[in-house]
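Spelled out, the chains give:
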Amino acid sequence: MFAIVMAGGSGTRLWPLSRRGSPKQLLALTGETSLLQQTVARLGNLLPPHDIYVITSQAHARATQEQLPQLPPDNVLGEPLARSTAVAAGLATVLARRESDEVALVMPADHFVADEGALVSALQEAARTAERGYLVTLGVVPAHAATGYGYIKVGARLGKGVPTALVERFVEKPTAAAAAAMLAEGGYLWNAGIFAWRVYAYRQALERFQPELAAALDKIAALHRTPGWMSDLRSIMEPVAAISIDVGIAEPAAADGRMAVVPLDAGWSDIGSWSALLEALSARTGATLVASGQHLDRGSERVLVHGGDRLVVTVGLRDVIIVDTPDALLVCALDRAEEIKPVLDEIAEKAGERYL
């Protein structure tokens, strides 16, 4: 068994802290170490360092190696082009040169988990299910009617006494009303984007559902790793479309009855926005105001302050996000934190791309 950690995201919804040169997985948002370091440390409870691979953009390969000195340098894989998760998982498997019957654990680098023991147990169950030939995902037991996550409709159980079940279908990010209806009905889980499969099972899924990607990976596997070979790899990848695991593999596999889901109840969050970060940290600490850096407050609630050396003072605020960096300040209503990503184009146009 081995693991692939996908660390190619840009984390634009966590601007102005997460930027092109310092994406969120490299930041210490939930503790003393970065989200990437926390992810690899969790996997260390299951696997030795030489069985853990990280695939990231070539631009961040050096910073990733510096954060993970316990991994062999060759286990940090540079991706020449961003082509979404299905491509990243396939490319990492080819570059790692693992055996076809091995189980691969595939997960993002930038998630938060409060109960790491529960995650390890769920991954072990996912690996056992993957050994039976299924493509497996983890589904988070929903804490509320979230609209920022996709959902999984749970189908028939795979056996007595085990919670693992077939995936009946995947549901795209819902409206608030649809999310509330799914919670009331029951039998739905949040889609965590964490997977397990045997190498050959994923390969078969690629050949069936994404044949162009499968053919490109065959060409990459045949490359001789001589000086300049990364240029050839880039040329092969350039015409490949961006394909996510969810849409390109998991949804059609579920329709074929080949997708299984393991429930996860571990205080999980994808830290996809500042509001999600506040929710995760508040759940861990029990406090409705979460602050870092130099900060003083009087009577504020449901507030996140991420500061630095400059003193930030808050008085009587409710449902507010404040992020102070040396060159940009964000002040945002908590319920509008999802709007940061679309405003970045305007920032680039009016203030300059240096702020991105």
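The structure under discussion appears in the preceding block.
The structure displayed is predicted, hence computed values, not measured ones. (Residues numbered from 1 in each chain as written. Predicted model: local features only at pLDDT ≥ 70, side-chain atom pairs only at ≥ 80, totals over all residues. Heavy atoms only, no water.)

(A) Representation of the environment of Leu304 in the model. Secondary-structure assignment places Leu304 in strand β14 (residues 301–306). Since its relative accessible area comes to 3%, Leu304 is described here as buried. As a C-alpha pair, Leu304 and Arg203 span 101 residues in sequence and 43 Å in three-dimensional space. Residues in contact with Leu304, not counting those within four places in the same chain, are Trp274, Leu277, Leu278, Val290, Val320, Ile321 and Ile322. (Helix = DSSP H or I, 4+ residues; strand = E, 2+ residues; numbered from the N terminus. Buried < 20%, exposed > 50% of the residue type's maximum accessible area, 1.4 Å probe, protein only. Contact = heavy atoms within 4.5 Å.)

(B) Local environment of the packing of helix α6 (residues 199–209) against helix α7 (residues 211–221). With their axes 5 Å apart at the nearest point, α6 and α7 run at an angle of 125° to one another. Considering the angle they form, α6 stands oblique to α7. Mapping the contact onto sequence places Arg203, Leu206, Glu207, Arg208 and Phe209 in α6 and Pro211, Leu213, Ala214, Leu217 and Asp218 in α7. Class assignment for the residues of the contact of α6 with α7 results in six nonpolar, no polar and four charged. (Axes fitted to C-alpha atoms, helices over the stretch in contact; angles between N-to-C directions. Parallel < 35°, antiparallel > 145°, perpendicular 65-115°, else oblique. Nonpolar A, V, L, I, M, F, W, Y, C, P; charged D, E, K, R; others polar.)

(C) Structural view of the environment of Lys341. Structurally, the position occupied by Lys341 is in helix α11 (residues 340–350). Using a relative accessible area of 49% as the deciding quantity, one classes Lys341 as partly exposed. The spatial distance from the C-alpha of Lys341 to the C-alpha of Leu14 is 8.2 Å, given a sequence separation of 327 residues. Every residue in contact with Lys341, bar those within four places of it in the chain, is listed here: Thr12 and Arg13.

(D) Layout of the packing of aromatic side chains. Applying the stated rule across the entire model yields six aromatic pairs. The interplanar angle of 55° and the centroid separation of 5.0 Å between the aromatic rings of Tyr149 and Trp268 together place this pair among those described as tilted. Placement of Tyr149 in the loop between β6 (135–140) and β7 (151–157) and of Trp268 in strand β11 (residues 268–269) is noted, with a sequence separation of 119 residues between them. The pair formed by Tyr149 and Trp268 is uniform in burial state, with each residue classed as buried. Pairwise contacts between aromatic rings join Tyr149, Trp190 and Trp268 into one cluster. (Phe/Tyr/Trp six-rings, centres within 6.5 Å; stacked < 30°, edge-to-face > 60°.)

(E) Layout of the nonpolar core. Counting residues in each nonpolar core, the largest one holds 51 residues, and the members touching the most others are Val106, Trp197, Ile220, Ile245, Ile249 and Met259. No other element matches the nine residues that helix α3 (residues 84–96) contributes to this core. Setting aside chain neighbours within four positions, we find Trp197 in contact with Ala89, Glu102, Val103, Ala104, Val106, Ala130, Tyr134, Leu135, Tyr202 and Ile245. By size, the runner-up hydrophobic cluster in this structure holds 43 residues, among which are Ile52, Leu71, Ala126 and Ala179. (Core = buried A, V, L, I, M, F, W, Y, C linked by side-chain atoms within 4.5 Å.)

(F) Examining the pattern of salt bridges more closely. One pass over the structure, following the stated rule, counts 20 salt bridges. Among the ionic pairs, Lys24 bridges to Asp110, the shortest N-O distance being 3.5 Å. Here Lys24, found in the loop between β1 (2–6) and α1 (35–43), pairs with Asp110, found in the loop between β4 (103–108) and β5 (112–113); they are 86 residues apart in sequence, far enough to count as distant. The pair Lys24 / Asp110 is uniform in exposure class, with both members buried. (Salt bridge = Lys/Arg side-chain N within 4 Å of Asp/Glu carboxyl O.)

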